[in-house]
Amino acid sequence: GHASDSRLVGYSICNLAGSCTTTMAIEAAAWQRAAADKVLYNIVAANMSYGSSPSLTDVSQQAIDAAALNADILPVCAAGNGGSSTTGSSATSNGLAVANVAPNTKVVAGNSSRGPLSGDPTRFFPDIAGCGSGTVMPRRDNEANNYVTSGTSMASPQVCGAATLVKAARPASSARELKAILLASTESIAAQNP
């Protein structure tokens, strides 16, 4: 993606081979593993493209917060594909929740979760948007063919890659500073999304 010289570390959080389902406990374990591996792999930012919990007291959200606050990793999470429902969205309070927009129009996709965060009607949600519509990638187990798909799961890695580029340009920046820099330097898409 954006940061082609970055090293990537992958953690599988599928709870059954061949499926893409997980549990909040497995998500939490992956964030804890990333925090434990922070120094070994110099982890700057971590992407999660799974549904999660909007509750700040959920084990998955506490693990995300711990990765941000204790391990200095910027969590970047897909906002979810529930439209106006955020009941399956990750709160990501100390990271960035990412919406999906079309690259040319910058209009938030109809299925991209948005609005007040479930359980916290005062929180503007999501935090930031990335291009996740019509994303072309190699097809799994058949890289000669393309796979085209859309969603917040395609948008959040774009933001995560941008965070690693900012870190490369500003190596002394903390995860919280990376979040602030990204939020302060984004283009407003309010006109396209009244």
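Before reading further, recall that the structure is shown in the block above.
Since we're looking at a predicted model, the values are computed, not measured.

Attention shifts here to the sheet that holds strand S3 (residues 96-101). Read from one edge to the other, the open sheet built from four strands follows the order S1-S2-S3-S4, with strand pairing classed as parallel. Each having just a single partner strand, strand S1 (45-48) and strand S4 (128-131) make up the two edges of the open sheet. Each strand axis lies, on average, 35° off the axis of its neighbour in the sheet, ignoring direction. Relative to strand S2 (residues 74-78), S1 runs parallel, the two being bridged by four bridges. Residue pairing across strands places Ala-46 opposite Pro-75, the latter belonging to S2. Strands in contact with helix H4 (residues 152-169) are S1, S2, S3 and S4; relative to S3, the strand with the most contacts, it is inclined by about 125°. Contacts from helix H5 (residues 175-184) reach S2, S3 and S4, with the element oriented near 50° to S2.

If you add up the space inside the largest pocket, you get close to 1900 Å³. Along the wall of the largest pocket there are 46 residues; nearest its centre are Leu-8, Val-9, Asn-47, Pro-157 and Cys-160. Taken together, the elements giving at least two residues each to the lining of the largest pocket come down to helix H1 (24-36), S1, strand S5 (135-139), strand S6 (142-149) and H4. No other element matches the 10 residues that H4 contributes to the lining of the largest pocket. Classifying every residue of the lining of the largest pocket gives 26 nonpolar, 15 polar and five charged. The computed volume of the second largest pocket comes to approximately 870 Å³. Lining the second largest pocket are 29 residues; nearest its centre among them are Ile-128, Ala-129, Gly-130, Glu-187 and Ile-189. Listing elements by their share of the lining of the second largest pocket, those giving two or more residues are S3, S4, H4 and H5.

Analysis parameters
- Residues numbered from 1 in each chain as written.
- Predicted model: local features only at pLDDT ≥ 70, side-chain atom pairs only at ≥ 80, totals over all residues.
- Heavy atoms only, no water.
- Pairing = 2+ DSSP bridges.
- Helix = DSSP H or I, 4+ residues; strand = E, 2+ residues; numbered from the N terminus.
- Axes fitted to C-alpha atoms, helices over the stretch in contact; angles between N-to-C directions.
- Contact = heavy atoms within 4.5 Å.
- 1 Å grid on protein atoms, 1.4 Å probe; cavity = no way out; pocket = protein on both sides within 12 Å on 5 of 7 lines; lining within 4 Å.
- Points joined across faces, edges and corners; volume = space filled by probe spheres on them.
- Nonpolar A, V, L, I, M, F, W, Y, C, P; charged D, E, K, R; others polar.

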